[in-house]
Amino acid sequence: QVQLVESGGGLVQAGGSLRLSCAASGIFLSIDAMGWYRQAPGKQRELVASITSGGTTNYADSVKGRFTISRDNAKDTVYLQMNSLKPEDTAVYYCNADTVTEHTAFIGVTTLRYNYWGQGTQVTVSS
């Protein structure tokens, strides 16, 4: 079982900044890719940014140059620094992580990969 605990959401004026954090806890061997998604009312959930275990990042075009994703592997934590926020950034932001674990059975040990979602944190940008 893995839990993703998010923090840092809130209300901010346009042009302001917020930093989201997501800490993973539970039983797993390692975490591969981690990312942030967001979903606005009436819209599809979309990828905002992702980062691999090696530090390779990917961003949605709408946030390039404004958002920065980073991670602390020692703390199993991913961050999203959001600068120059716009009203259209308003959404529920979800943390996502791919974990690696193992299952031991008579046949041997099987490496398993699971995907987890956080509960989401509300980010509201006012004009």
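Residues numbered from 1 in each chain as written. Predicted model: local features only at pLDDT ≥ 70, side-chain atom pairs only at ≥ 80, totals over all residues. Heavy atoms only, no water.

Side note on the overall build of the chain
Okay, step 1: Across its full length, the chain holds 0 helices and 11 strands.
Okay, step 2: N-terminal to C-terminal, the α/β element order of the chain is β-β-β-β-β-β-β-β-β-β-β.
Okay, step 3: The principal-axis extent of the C-alpha atoms belonging to the chain is close to 60 × 30 × 20 Å.
Okay, step 4: Out of the 127 residues belonging to the chain, those deemed buried represent 39%.
Okay, step 5: As displayed, the chain offers around 7,100 Å² of accessible surface, 49% of which is attributable to carbon and sulfur atoms.
Okay, step 6: For the chain, the distance from the average position of its 10 positive side-chain charges to the average position of its 10 negative side-chain charges is 6 Å. (Helix = DSSP H or I, 4+ residues; strand = E, 2+ residues; numbered from the N terminus. Buried < 20%, exposed > 50% of the residue type's maximum accessible area, 1.4 Å probe, protein only. Areas by Shrake-Rupley, 256 points an atom, 1.4 Å probe, with all protein chains shown as cover. Lys, Arg positive; Asp, Glu negative; His and termini not counted. Charge placed at Lys NZ, Arg CZ, Asp CG, Glu CD.)

Overview of the packing of aromatic side chains
Okay, step 1: Using the criterion set out here, one finds 3 aromatic pairs in the structure.
Okay, step 2: Judged by centre distance (4.9 Å) and plane angle (65°), the ring pair of Y37 and W117 falls under edge-to-face. In this pair, Y37 is assigned in strand β4 (residues 30-39) and W117 in strand β10 (residues 108-117), connecting sequence segments 80 residues apart.
Okay, step 3: Residue Y37 is classed as partly exposed on the basis of its relative accessible area of 23%.
Okay, step 4: Look at Y114 and Y116: their rings are 6.4 Å apart centre to centre, the planes differ by 50°, and that puts the pair in the tilted class.
Okay, step 5: With relative accessibility at 39%, the residue Y114 sits in the partly exposed group. (Phe/Tyr/Trp six-rings, centres within 6.5 Å; stacked < 30°, edge-to-face > 60°.)

Concerning the pattern of salt bridges
Okay, step 1: Counted according to the given criterion, the structure contains 5 salt bridges.
Okay, step 2: Note that D32 is salt-bridged to R113, the shortest N-O span being 2.0 Å. Of the two residues, D32 sits in strand β4 while R113 sits in strand β10, which places them 81 residues apart along the sequence.
Okay, step 3: Classification of D32 as partly exposed rests on a relative accessible area of 25%.
Okay, step 4: R66 is paired through a salt bridge with D89; the nearest N and O atoms lie 2.8 Å apart. Of this pair, R66 sits in the loop between β6 (57-59) and β7 (67-72) while D89 is found in the loop between β8 (77-82) and β9 (91-105), placing the two residues 23 residues apart along the sequence.
Okay, step 5: Take D89: its relative accessible area is 1%, and that puts it in the buried class.
Okay, step 6: Shared partners join several salt bridges into a network, and the residues in it are R38, E46, R66 and D89. (Salt bridge = Lys/Arg side-chain N within 4 Å of Asp/Glu carboxyl O.)

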